[in-house]
Amino acid sequence: MLIRIISSIVALPILIALILIGGLPLRIAVLLVSMIGLREFYKAFSKQTKVIHYVGYLFSLFYLLFMSEIINQSNLFNIFVSLFMVTITAVIVICHKDN
């Protein structure tokens, strides 16, 4: 519990500074936090790393790097989502193991 309190005391000024600065430093911080969260999410459901995890990391990276461009052009956003769904479906079909 003490470690969480100390880390929050250290992280809060950094978070406030990143929000005030904005731009690229904020994007990089969001990217790092989201990758850590995605890794923790995958670890909660599977002990071993699978191909689908790397696909999730790749598309998260792609989305976070090009977020403003994707959202500002809705047609590209729709293409991105469609490509993501097709890729996920293909990976699931290819990597599926029957028990």
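Details of the structure are given in the entry above.
Attention here is on the structure that accompanies the text. (Residues numbered from 1 in each chain as written. Predicted model: local features only at pLDDT ≥ 70, side-chain atom pairs only at ≥ 80, totals over all residues. Heavy atoms only, no water.)

On to the pattern of salt bridges, then. Counted by the stated rule, this structure contains one salt bridge. A salt bridge links R39 to E40; its shortest N-O distance comes to 3.7 Å. (Salt bridge = Lys/Arg side-chain N within 4 Å of Asp/Glu carboxyl O.)

Following the sequence through the fold, H53 ends up in helix α3 (residues 51-65). Classification of H53 by relative accessible area gives buried; the value is 7%. Beyond its immediate stretch of four places on either side in the chain, H53 contacts Y42, S46 and Q48. (Helix = DSSP H or I, 4+ residues; strand = E, 2+ residues; numbered from the N terminus. Buried < 20%, exposed > 50% of the residue type's maximum accessible area, 1.4 Å probe, protein only. Contact = heavy atoms within 4.5 Å.)

Two numbers describe how helix α2 (residues 23-45) lies on α3: the axes approach to 10 Å, and their chain directions differ by 160 degrees. One element, α2, and the other, α3, form an angle in the roughly antiparallel class. Here the hand of the crossing between α2 and α3 comes out right-handed. Counting all contacts with α2, which are made through R27, V30, L31, S34, M35, L38, R39 and Y42, the residues of α3 involved are I52, H53, G56, Y57, S60, L61, L64 and L65. Its residues placed into classes, the contact of α2 with α3 shows 10 nonpolar, four polar and two charged. (Axes fitted to C-alpha atoms, helices over the stretch in contact; angles between N-to-C directions. Parallel < 35°, antiparallel > 145°, perpendicular 65-115°, else oblique. Left-handed = near helix turned anticlockwise from the far one by under 90°. Nonpolar A, V, L, I, M, F, W, Y, C, P; charged D, E, K, R; others polar.)

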